[in-house]
Amino acid sequence: MSKNILTGLLVSGSLLFAAATTHAAECSNRGVLDEKFCDENMDLVADTPKDPSQWRDPSTLVFTYTPVEDPAVYKDAFHEFQEYLTEKTGKKVIYYTVHSNAAEVEAMRSGRLHIAGFSTGPTGYAVNLGGYVPIAVKGTAESFQGYNLIIITKANSDIKTVTDLKGKVVAHTSASSNSGNLAPRALFPNLNITPDKDYQVKYSGKHDQSIMGVLSGDYDAAPVASDVYHRMIDAGRIQEKDFRVIYTSPRFPTSAFGYAHDLNPELVEKIKDAFFTFRFSKDMQSTFGGADRFFPITYKEDWKVIRDIAHATGTAYTKTGLQKLAEKEAAKAAKKRAAELAKEKG
């Protein structure tokens, strides 16, 4: 069974790049974008197609949020915003649950997804390969909401400094995660600690699984996103007294929100208006750490630090890079399913 799951997911991932692209117009600048997109204004994201016949104006808009923690929680959390999108665009808006970052990029690239929130690390794949245009991050009137990479250990651990990680087992989340893998690999060597060389890396799959794994003793420590850590504390899933934070990084932007590049420009203006005039309810503010609105950003300026980290770690937002990500996520899904089946039989 697990072999079939793995094969199915890999085949699905391979379809992402199976079809050849027909170019409707010559492109003077593409930058690092995939060959099916153009970036003549050099803002690092795909331009709206020049030919109006290529503009999409679907009767139903499909929206999703990055597959982190419990997908059902976020489906409910964005229900009010979906209703607001419907009001502003005059179109039905449905939520599409995705279970991997690669699947979310594929859905954007294939046209099945119109509006989405991508987590920090995979945003680059969505931009370069999916024609995704980020425009906002959760925030307040003053600034966008950010987060830090923090390193956590158990409160009673003998690990008190970053260099104490030498010889330990440390949980990273997933290959594409910014705070859970890419940033540690880019930043830690400057702190005299190198992942895979000075400590053993084990991938947990998600930030909450890294945190719970540290609590249970499966891992000695873990680099995780501070916002996930604090949400788990606020929700009562963990207690702050059980952990020690031994490192806090500079601030990174949280998940990016945006739209598919080939939507009708008139529809895009309505989508932008919805994002920038919507105000979070008290329940949404509680879910999203006090953010009360979508704050405008640009991929070129506000994601520069993330692109720099990706470059420093040898991570390229290319077809090959996404294929590797899809393979890793497929293998993890198959392993998880196999464990579930074994538990059912046992």
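The rules behind each value
Residues numbered from 1 in each chain as written. Predicted model: local features only at pLDDT ≥ 70, side-chain atom pairs only at ≥ 80, totals over all residues. Heavy atoms only, no water. Axes fitted to C-alpha atoms, helices over the stretch in contact; angles between N-to-C directions. Helix = DSSP H or I, 4+ residues; strand = E, 2+ residues; numbered from the N terminus. Parallel < 35°, antiparallel > 145°, perpendicular 65-115°, else oblique. Contact = heavy atoms within 4.5 Å. Nonpolar A, V, L, I, M, F, W, Y, C, P; charged D, E, K, R; others polar. Disulfide = S-S within 2.5 Å. Buried < 20%, exposed > 50% of the residue type's maximum accessible area, 1.4 Å probe, protein only.

A. Just the packing of helix α4 (residues 101-110) against helix α13 (residues 319-345), in detail. Here α4 crosses α13 at 130°, and the two axes come no closer than 8 Å. Here α4 lies oblique to α13, going by the angle between them. Here Asn101, Ala102, Val105 and Arg109 of α4 lie close against α13, whose contacting residues are Lys319, Leu322, Leu325, Ala326 and Glu329. Of the residues assigned to the contact of α4 with α13, the class counts are five nonpolar, one polar and three charged.

B. Looking closely at the state of the cysteines. All chains considered together, the criterion is met by one disulfide. Across the disulfide, Cys27 is cross-linked to Cys38 (sulfur-sulfur distance 2.0 Å). In this structure, the disulfide formed by Cys27 and Cys38 twists by about 90° around the S-S bond and is classed as right-handed. One end of the pair, Cys27, is in the loop between α1 (2-14) and β1 (60-65); the other, Cys38, is in the loop between α1 and β1, and eleven residues separate them in sequence. Of the residues examined, Cys27 reaches a relative accessible area of 18% and is grouped as buried.

C. Quick look at unusual backbone geometry. Positive phi outside glycine occurs at Asn192, with the angle close to 65°. The residue Asn192 is located in the loop between α6 (178-187) and β7 (200-203) in this model. Judged by relative accessible area, which is 57%, Asn192 ranks as exposed. Although it is not a glycine, Asp196 adopts a positive phi angle of roughly 75°. Of note, Asp196 is situated in the loop between α6 and β7.

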